[in-house]
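This is what each chain is made of:
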Amino acid sequence: MLIEILKDNSCERLIEEINKCGYTVNQIASYSHLGVKEVKKLVDGEIQDMDFLMLVNICKALKINPFSFFKEDLRLVDFLNSIY
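Caption draft 1: Quick look at the nonpolar core. Grouped together as the largest cluster of nonpolar side chains are 24 residues, with contacts concentrated most on Leu6, Met50, Leu55, Ile58 and Phe70. Where this core is concerned, the elements lending two or more residues are α1 (10-20), α2 (25-32), α3 (36-43) and α4 (52-62).

This is how it looks when you write it as structure tokens:
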């Protein structure tokens, strides 16, 4: 599961990045090719259902590096196991 390999403050940081970008939830959904409901869940702090592609798409829309959210001591095998 993706949440297990993210840094402890990832939820708060993602919400902070979403809030400071100046985009509306609808704009983020459009730019990230996600549904409005999915983006709204993330803004509300519900990241337990977020998968790797959702994180990448949100980060691409916000112009931030998705890998900055991952634990620094993450092993490749753990990363691969969590995204499948």
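So that's the structure; there's more coming.
Caption draft 2: A look at the pattern of salt bridges. Scanning the entire structure with this criterion turns up five salt bridges. Across the pair Glu72 and Lys7 runs a salt bridge, and its minimum N-O distance is 3.8 Å. You can see Glu72 sitting in the loop between α4 and α5 (76-83) and its partner Lys7 sitting in the segment before α1, a full 65 residues away along the chain. Using a relative accessible area of 28% as the deciding quantity, one classes Lys7 as partly exposed. Where Arg75 meets Asp78, a salt bridge forms, and the shortest distance between an N and an O atom there is 3.1 Å. On the basis of relative accessible area, Asp78 is assigned to the partly exposed category, the value being 32%.

Caption draft 3: Structural detail: the packing of aromatic side chains. A complete count under the given rule lists seven aromatic pairs for this structure. Taking 4.9 Å as the distance between ring centres and 75 degrees as the angle between the ring planes, the aromatic pair formed by Tyr23 and Tyr31 counts as edge-to-face. Overall, Tyr23 belongs to the partly exposed group, its relative accessible area being 29%. Ring centres of Phe52 and Phe79 lie 5.3 Å apart, and the angle between their planes is 85 degrees; on these two criteria the pair is classed as edge-to-face. With Phe52 in helix α4 and Phe79 in helix α5, this pair connects stretches of sequence that are 27 residues apart. Assessed through its relative accessible area of 17%, Phe52 is described here as buried. Connected via pairs of aromatic rings, a cluster forms that spans Phe52, Phe67, Phe70 and Phe79.

Caption draft 4: Representation of the side chain of Ser10 within the structure. Examined against the element boundaries, Ser10 turns out to sit in helix α1. Residue Ser10 is classed as buried on the basis of its relative accessible area of 3%. A distance of 3.0 Å separates a polar side-chain atom of Ser10 from the backbone oxygen of Phe69.

About the cut-offs
Residues numbered from 1 in each chain as written. Predicted model: local features only at pLDDT ≥ 70, side-chain atom pairs only at ≥ 80, totals over all residues. Heavy atoms only, no water. Core = buried A, V, L, I, M, F, W, Y, C linked by side-chain atoms within 4.5 Å. Buried < 20%, exposed > 50% of the residue type's maximum accessible area, 1.4 Å probe, protein only. Helix = DSSP H or I, 4+ residues; strand = E, 2+ residues; numbered from the N terminus. Salt bridge = Lys/Arg side-chain N within 4 Å of Asp/Glu carboxyl O. Phe/Tyr/Trp six-rings, centres within 6.5 Å; stacked < 30°, edge-to-face > 60°. Polar contact = N/O pair within 3.5 Å; in protein donor to acceptor, adjacent residues only side chain to side chain.

Such coordinate-based values are descriptive only and should not be taken to indicate function.
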